Amino acid sequence: DDGFPKLISQDWPKVPEYIDAVFRWHLTGDTIFFKDDLYYRFSSAFKEADYCSAIDGSWRAACPFPMAWGGIPENINAVLGWSDNRTYFFKSTEFY
């Protein structure tokens, strides 16, 4: 298509460059971007981040609303919402 590829930030403001993974959360319809040890949530109604948070739920000044996926390492390679209503995170040779 004309106009592609695009910068991620053109359609999803506040998401940093060089993301690690992204997926659409099947439970809420939200789109979640992952970068290093943070994630950025976009509700299905808005194309701007509702908030960002540390993956492990710890507080960060830039992301003041922690919500955790326990035991997930930073810099994940991929994430998948599966039909069993679980979310699977992949890093190297392991999944969580």
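With that settled, the discussion passes to the packing of aromatic side chains. Going through the model one piece at a time under the given rule, you end up with 7 aromatic pairs. Summarising the aromatic geometry, the rings of F34 and F89 are spaced 5.6 Å apart at their centres and angled 85 degrees between planes, so their arrangement reads as edge-to-face. Taken as a pair, F34 in strand β2 (residues 31-35) and F89 in strand β6 (residues 87-91) lie far apart in primary sequence, 55 residues in all. Just as F34 is buried, F89 falls in that class too.

Turning our attention to the confidence of the model for the protein chain. Looking at the protein chain as a whole, the pLDDT averages 79, with 75% of positions reaching at least 70. Ranking the helices and strands of the protein chain by mean pLDDT puts strand β7 (residues 94-95) first, with 93, and strand β4 (residues 51-54) last, with 68.

Here we take up the nonpolar core. Grouped together as the largest cluster of nonpolar side chains are 11 residues: A21, F23, W25, I32, F34, Y39, I55, I72, I76, V79 and F89. Among the secondary structure elements, those contributing two or more residues to this core are β1 (21-24) and β2. Counting 7 residues, the second-largest nonpolar core is a separate cluster that includes F33, L38, Y40 and F42.

As a further point, take the pairing of strand β5 (residues 78-81). The pairing of β5 with β6 spans 4 bridges and is antiparallel. Each residue of the ladder has a partner; that of G81, found in β6, is T87. Linkage of β5 to β6, two consecutive antiparallel strands, is achieved through a turn of 5 residues, within which N85 is found at a positive phi near 65 degrees.

Calculation criteria
- Residues numbered from 1 in each chain as written.
- Predicted model: local features only at pLDDT ≥ 70, side-chain atom pairs only at ≥ 80, totals over all residues.
- Heavy atoms only, no water.
- Phe/Tyr/Trp six-rings, centres within 6.5 Å; stacked < 30°, edge-to-face > 60°.
- Helix = DSSP H or I, 4+ residues; strand = E, 2+ residues; numbered from the N terminus.
- Buried < 20%, exposed > 50% of the residue type's maximum accessible area, 1.4 Å probe, protein only.
- pLDDT = per-residue confidence, 0-100.
- Core = buried A, V, L, I, M, F, W, Y, C linked by side-chain atoms within 4.5 Å.
- Pairing = 2+ DSSP bridges.

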